Amino acid sequence: MATDPTISLRIRTALGKYLKRDPATILTTQHLRDDLGLDSMAVIELLYRIEEAFDLQIPDQDLVGLANVGHVVNYVEMRLEKTASPAPNKKPAKPSKPKGKKKI
Amino acid sequence: MRSRVVVTGLGIVSPIGIGVSDFWKAALVGQSGISAITSFDPFPMDGYRSKVAGQVRDFAVERFVDSAHGERVDRYAQFALVAAKEALADSGIQMAKENLHRVGVIVGAGMGGMVMGEREITQLYQQQKPYRVHPNFIPVITLNSASGIIAMVYGAKGPNLTISTACSSSAHALGQALHCIREGRADVVITVGADASITPLVFAGFCSLRALSSKFNDHPEKASRPFDRLRDGFIMGEGAGTLILESVAHAKKRKARVYAEIAGYAATSEAYHMVIPREDGLEVAHTMRLALADAGVTPAQVDYINAHATSTTIGDAVEVRAIRRLFKSSADKIAISATKSLIGHTLGAAGAIGGIASVLALHTGQIHPTANYDDPDPVCALAGLSRSAQERRVKVALLNAFGFGSNNAAVVFKRAAS
């Protein structure tokens, strides 16, 4: 899948704002918990901001696949491509793999 | 034998100053912290009967505490954090040297995290998007968010409690902290009162109760006038106060400076009415009597009363009736002041802030003025009330606090034995 630099930048900017650090220092390979120090509550807060920024709803089932920055970027790209993505609760999605490229 | 308990640190966030030094300087000159409400912008004030409040201006939590903690909690808990930080530093306690399981936190809060609470509720009802409710909504509005965050910041692993009894909340926090140390369950209790709910909904609620002053909207500094003939309701305030309580033995061991002893406490219910006190003052007098007995002092020994005195027509009259009932001929010999005349009614913070004024009266021999006591109402006049600061060698001070729900508290402080 082609990576949309705008989406990646927006997500890293949101992360940078949350973490109070320069977005340029945030890499897509970085693990949200182990590298960036986000606890589980902080991940939920971050995803809340991303939902708002991209007008998305992220079902609980998908959270498990979002371990590093790249997973989040890929996931958002995939969701935005799928304009007719199912609303949450209607059709429970399967958990994504850590690669985050699995369809939901 | 039960432990004696002393106050060794103070901290405050108030409409007349952040920090005890600024607060006390302003209080002694009778400075008013009441001003026109601007914080509802862009929500219009037109529909509100009362338009003034005791607001903490220009408060930015990151100026005082690490934003990683401060930004996770609502305004009232931010105030609590700032007041706790000052009080701990003032006490000289070094947490690294403490047995952390012997350090408790007890907070009194009446309303809790209403800033985020109102915002989220409004958005949910307007937008009907439940998935847009902020993930921090529940932890922020939960009433023990302040006691929790203080414990986390300082590593205090002892008893961690929140007392919510409306306007008497932090007087009870002081009392429960006293009991906690007396009973040997903690050496130190970080005791806090905090509230920050000058918000569109809460303020409207108090307006609808017809509890707030509405005659002085054009002269905010005149609006809070306990015991004065023209008083017409209380003024909402916001803030936090922290008192570090510790056992005498613990304070002596670390050679702490002692402000005062906290010697007695009583908690009662009038079992009467949700918002109206008993007119005869019988239960208020009973509460003060119990607290004095708990402290081992007689009514005649009381030099100073920090009155609950909210500036409501009935409340002030009842409190004076109760004072006359208990103290009889000595009632007019006692110095009295109403802290709410300066900062408004800080609800859950009022007991702690009144406690700080009481402790400072004992420690400094100075009693702050009761602002706007211009024309004493005959039904609640007392000789010990004054628009000016008073100097007196205070040995015993009594703090009153009463709350909605028919709730009464009284706390007694004594001059620390030298």
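Since this is a predicted model, take the numbers as computed values, not measurements.

J.: So, the overall build of chain B: which residues are in play, and what are the values?
T.: Each helix and strand counted, chain B has 14 helices and 15 strands in total. The principal-axis extent of the C-alpha atoms belonging to chain B is close to 60 × 55 × 40 Å. In chain B, buried positions account for 62% of the 418 residues. In chain B, once contacts between residues fewer than 6 apart in sequence are set aside, the share between residues at least 24 apart is 79%. Surface accessibility of chain B: about 15900 Å² in total, with carbon and sulfur atoms responsible for 54%. Looking at chain B, you have 43 positive and 36 negative side-chain charges, and the mean spots of the two groups are 6 Å apart.

J.: Describe the packing of helix 1 (residues 5-19) of chain A against helix 2 (residues 40-54) of chain A, naming the residues involved and giving the relevant values.
T.: All names here are of chain A. Two elements in contact, helix 1 and helix 2, have axes whose closest approach is 10 Å; the angle formed by their N-to-C orientations is 135°. With respect to their mutual orientation, helix 1 and helix 2 come out oblique. Remark: the crossing between helix 1 and helix 2 carries right-handed chirality. Every residue of helix 2 that contacts helix 1 at I7, R10, I11, L15 and Y18 is listed here: A42, E45, L46, R49, I50, A53 and F54.

J.: Go over unusual backbone geometry, please, and point to the residues and values.
T.: Residue and element names in this part refer to chain B. Its identity as a non-glycine residue notwithstanding, R210 has a phi of 60°, on the positive side. Summarising the element assignment, R210 is placed in the loop between helix 8 (200-208) and helix 9 (220-223). Classification of R210 as exposed rests on a relative accessible area of 61%. In this structure, F227 takes a positive phi of about 70° despite not being glycine.

J.: Describe the confidence of the model for chain A, naming the residues involved and giving the relevant values.
T.: Residues and elements named next belong to chain A. When the pLDDT values of chain A are averaged, the result is 81; 75% of them are 70 or greater. For chain A, per-element mean pLDDT is lowest for helix 3 (residues 60-63), which scores 89, and highest for helix 4 (residues 69-81), which scores 94. Counted against residues more than four places away or in other chains, residues 90-104, with its pLDDT under 50, gives 34 contacts.

J.: Could you give an account of the nonpolar core, naming the residues involved and the relevant values?
T.: Judged by nonpolar contacts, the single largest core of 50 residues is most densely connected at B:V7, B:L10, B:L243, B:L245, B:I262 and B:F413. It is helix 14 (residues 350-364) of chain B that provides the largest number of residues to this core, a total of eight residues.

J.: Help me get a handle on the pairing of strand 14 (residues 396-403) of chain B, residues and values and all.
T.: Residues and elements named next belong to chain B. Burial within strand 14 is extensive, with eight of its eight residues counted as buried. Here strand 14 shows two buried faces, one formed by V396, L398, N400 and F402 and the other by A397, L399, A401 and G403. Where strand 10 (residues 304-306) meets strand 14, three bridges bridge the pair, whose relative direction is parallel. Bridge pairing in strand 14 places N306 opposite L399. Here strand 14 pairs with strand 15 (residues 407-414) via eight bridges, running antiparallel. Bridging across to strand 15, F402 finds its partner in N408. Counting the residues in the hairpin turn of strand 14 and strand 15 gives three residues, including G405, whose phi is positive at 90°.

J.: For a nonpolar patch on the surface, give the residues involved together with the corresponding values.
T.: Residue and element names in this part refer to chain B. Where nonpolar side chains cluster on the molecular surface, the patch consists of L209, Y272, M274, V275, I276, I314 and F404 and spans about 610 Å² of accessible area. Tracing the chain through its elements places V275 in the loop between strand 9 (260-269) and helix 11 (282-295). Owing to a relative accessible area of 34%, V275 belongs among the partly exposed residues under this scheme.

Conventions used here
Residues numbered from 1 in each chain as written. Chains lettered and ligands numbered in written order. Predicted model: local features only at pLDDT ≥ 70, side-chain atom pairs only at ≥ 80, totals over all residues. Heavy atoms only, no water. Helix = DSSP H or I, 4+ residues; strand = E, 2+ residues; numbered from the N terminus. Buried < 20%, exposed > 50% of the residue type's maximum accessible area, 1.4 Å probe, protein only. Contact = heavy atoms within 4.5 Å. Areas by Shrake-Rupley, 256 points an atom, 1.4 Å probe, with all protein chains shown as cover. Lys, Arg positive; Asp, Glu negative; His and termini not counted. Charge placed at Lys NZ, Arg CZ, Asp CG, Glu CD. Axes fitted to C-alpha atoms, helices over the stretch in contact; angles between N-to-C directions. Parallel < 35°, antiparallel > 145°, perpendicular 65-115°, else oblique. Left-handed = near helix turned anticlockwise from the far one by under 90°. pLDDT = per-residue confidence, 0-100. Core = buried A, V, L, I, M, F, W, Y, C linked by side-chain atoms within 4.5 Å. Pairing = 2+ DSSP bridges. Patch = residues over 30% accessible without salt bridge, like charges linked within 9 Å, V, L, I, M, F, W, Y side chains within 5 Å. Salt bridge = Lys/Arg side-chain N within 4 Å of Asp/Glu carboxyl O.

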